[in-house]
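Here is what each chain is made of, one letter per residue.
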Amino acid sequence: VCFIPGGLNCSISFVSHVLGKVCVHGRQKEILGVLVPHLTDLTKSDCIWQRICWRLVECVPDRWMEAVVLGFVQRAPGADALSRLLGNLVVKNKKAQFVVTQKILLLQYGHTTAVLQNLLGYLSLDGLRRTLLLRVLQDLLETWSSSSAVKHSPAEQQLYISKAILICFSHLKEPEIESCRQEILTSMMEGVKCHLDSSLPQLRRLGMVVAESISLKINTEGPVLKFEYEEDDETRELKSLLVQTPSFCVVPSLPNDVRSEKAGATLPLVPESNEKSHTAAPVMPDEELNAELDSDDDLIPYDTSEDKELKIKAPVYIRDCIEVLTGSGSEDVDKWEATVKALESLVRKNPAATREVSVELAKILLHLEEKTCIEGFVELRQRAQVAVLTTDPIPVAKYLTSQFYSLNYSLRQRMDILDVLVLAAQELSCPKFPGKTKPSGAQKPCIQLLLGNDSPKDWRRIVDERIKSKTRRFDMGHSRVELASCPNEFNSVAGYFFFPLIQHFDRPLTTFDLLGEDHLVLGRLVHTLAILMYLAVNTVAVTAMGKALLEFVWALRFHTDSYVRQGLLSCISSLLLSVPTEQILADMTEELLETQSWLGDVMEKDPDGDCRRLALQNLMLIENLKKKLEAVPS
């Protein structure tokens, strides 16, 4: 450190210019990695060094201010240290204020949780800056509650904004919350509605967690919001942010998993006290004590160790099952449970009897509701529906596809129809070898639409494997043993599964509007069509299905919901992989060129990362088709 003797004044604006120039030219890490630790130590106990540091950053020109401020925020070991380094820079400098309150929080989303804690903790440590903290919270809530922002911004940015909101609440005091309680409540209600309307499970869960946390803060004495969702590491991290972290404990260099472990280690302190309060022995009045003494506790219990549970015999005929599920036999709960459990195997063992009543049985299963708390009821019903559909595909497929667009069905029933169609199509398209029967319970299909969160990932995994199998390699390793071939049973019935679903999507009903508010079902429909297209490879109807699917995709290509767009891009993948190359080049050349232009725009401009990846994958498939066309001699 250089000292100036004689009490002379000096200017450090030159040093500020050098610092800004170095940071803006990409050497931010090198210079601030050395400078910030030294200044942090010097400003701990020396107010003169604090003033020097404040002057250093205040003299940085506005055009370089963003790089310098961001570097300090990222490398400061905590909010307290950042406050000593920057002082009230955000109050004095408009550029720094814009960077801290707008750009880092609302226009960027790649920073770590520790950076957010540094930044918002810095705003909370001074009275002049706390007004900015309240304004930041209002801006964040406005963005979080905007339906347009939820639809058009990626899930990563929504998570980033949610973290910033919860950190803000951890720094606010009760009088500050009280001053804007009504505005916070309004934003919370609008925001949770936007998130629950989303087709993406991650965004729905995010809205629930944030709404619960805000409700906990603004209703300290009254009832709070409570949702049912499955907790994971992300939700636990979000809830931990509501507890204010000491400024000296925030270390940006720590990995996320270490920080989550340390945060989790401090959380059990509250439940432990609750547990003690619940386990404390209650004080009983004399009357209740006398009642306890007069009870039947002194009676000797019967020995039931050798008792055996009575087994209810399940029906052995299909018509008996129908009577139990619909008639007076439905009052016998045990027999009803036995029928539901045995129905699938009974249908598969008696195909001739099933075909006589297949449509009636499909109708019963579609409307069947759980009468008792039977384990795995949804799966049992679904497997029975799949068994009926695979046993008698054409009439049952006609019935189910017609009911998908009928009145008086819930969204859950419509999605159940799509799930059953996909699982049955997969079973019909899989080879069956004579003499080798495989029970349905042992099957583990690659595509499960029952859980909407996993179906797109499973679908993309299948497409990736298909692309991998079509890639030429010089070294293939060990040769594979060829499997015996057999007819594809899905070949003759693919059209009955596919075309009725694609016909009436643009006709709104009184209680069902696919192009309106029921976009979750539209997303499931699009993914279902993509899977049916993929399973129809080498079938007679595959070319006609491909043309119809391309028109369907083209009509919905600008849909605002990311889940729907992912399904549309999956449709393009399945079309390129399933329709023969000669037919694509002969019958869909113009459509293919238009699709290629649209895919290029998606890859460059779509806010959803999965959509961009799928668009790139489809462009690679189209390039492969072009190479095949060029390789064919004219």
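Please read all numbers here as calculations on a predicted model, not as lab measurements.

This brings us to the environment of Leu 70. Of note, Leu 70 is situated in helix 3 (residues 62-75). Taking the C-alpha atoms as reference points, Leu 70 and Val 99, separated by 29 residues in sequence, lie 8.1 Å from one another. If near-sequence neighbours (up to four positions away) are discounted, Leu 70 is found in contact with Gln 28, Ile 104 and His 111.

What follows concerns helix 6 (residues 94-107). Since the α-helix turns once every 3.6 residues, residues separated by three or four places project in the same direction. The end-to-end C-alpha distance of helix 6, which contains 14 residues, comes to just 17 Å, noticeably less than the 20 Å that a straight helix rising 1.5 Å per residue would cover. The largest bend in helix 6 amounts to roughly 30° and is located at Val 100. Buried within helix 6 we find Ala 96, Gln 97, Val 99, Val 100, Thr 101, Ile 104, Leu 105 and Leu 106. Close packing links the buried residues of helix 6 with helix 3, helix 5 (89-92), helix 7 (113-124), helix 8 (127-144) and helix 10 (155-171). Capping the start of helix 6, Asn 93 holds a side-chain oxygen 2.9 Å from the backbone nitrogen of Lys 95, two or three residues further along.

We now examine the confidence of the model for the protein. Across the protein, pLDDT averages 81, with 78% of residues at or above 70. Segment residues 434-456 is flagged for pLDDT under 50; beyond a separation of four residues in sequence, or across chains, it makes 41 contacts in the model.

The next point concerns the nonpolar core. In this structure, Phe 404, Phe 490, Phe 497 and Leu 525 are the most contacted members of the largest nonpolar core, which totals 92 residues. When residues in this core are grouped by element, the largest group, eleven residues, is from helix 27 (residues 519-535). Shared between two domains, this core takes at least three residues from each, and those domains are domain 3 (312-391) and domain 4 (426-431 + 488-633). Other than its neighbours up to four places away in sequence, Phe 404 contacts Arg 414, Ile 417, Leu 418, Leu 501, Phe 512, Leu 514, Val 521 and Leu 525. If you look at the next biggest cluster of nonpolar residues, it comprises 76 residues, including Leu 39, Met 65, Ala 76 and Ile 104.

Attention now goes to unusual backbone geometry. Located in the positive-phi region is Asn 408, a residue other than glycine, with phi close to 65°. As for its position among the elements, Asn 408 is in the loop between helix 23 (393-404) and helix 24 (411-429). Exposure remark for Asn 408: the relative accessible area of 71% places this residue in the exposed category. Non-glycine residue Asn 538 carries a positive phi angle of around 70°.

Right, let's talk about the packing of aromatic side chains for a bit. This structure, assessed with the given rule, holds six aromatic pairs. Ring centres of Trp 336 and Phe 377 lie 5.9 Å apart, and the angle between their planes is 25°; this geometry places the pair in the stacked category. Of this pair, Trp 336 sits in helix 19 (residues 333-349) while Phe 377 sits in helix 22 (residues 377-391), and the two are 41 residues apart along the sequence. When the ring centre of Trp 64 is taken as origin, the NZ or CZ atom of Arg 63, which lies over that ring, is 4.4 Å away. Across the ring face of Trp 554, the terminal group of Arg 557 is positioned such that the distance to the ring centre comes to 3.9 Å.

The next thing to look at is the packing of helix 22 against helix 23. Running from N to C, helix 22 and helix 23 point in directions that differ by 125°, and their axes come no closer than 6 Å. Put simply, helix 22 runs oblique to helix 23. Across from Val 388, Leu 389, Thr 390 and Thr 391 in helix 22, the residues of helix 23 making contact are Pro 393, Val 396, Ala 397 and Leu 400.

Calculation notes
- Residues numbered from 1 in each chain as written.
- Predicted model: local features only at pLDDT ≥ 70, side-chain atom pairs only at ≥ 80, totals over all residues.
- Heavy atoms only, no water.
- Helix = DSSP H or I, 4+ residues; strand = E, 2+ residues; numbered from the N terminus.
- Contact = heavy atoms within 4.5 Å.
- Expected span 1.5 Å × (residues − 1).
- Bend = angle between axes of the 7 residues up to and from the residue.
- Buried < 20%, exposed > 50% of the residue type's maximum accessible area, 1.4 Å probe, protein only.
- Polar contact = N/O pair within 3.5 Å; in protein donor to acceptor, adjacent residues only side chain to side chain.
- pLDDT = per-residue confidence, 0-100.
- Core = buried A, V, L, I, M, F, W, Y, C linked by side-chain atoms within 4.5 Å.
- Domains from an automatic or database assignment.
- Phe/Tyr/Trp six-rings, centres within 6.5 Å; stacked < 30°, edge-to-face > 60°.
- Lys NZ or Arg CZ within 6 Å of the ring centre and 35° of its normal.
- Axes fitted to C-alpha atoms, helices over the stretch in contact; angles between N-to-C directions.
- Parallel < 35°, antiparallel > 145°, perpendicular 65-115°, else oblique.

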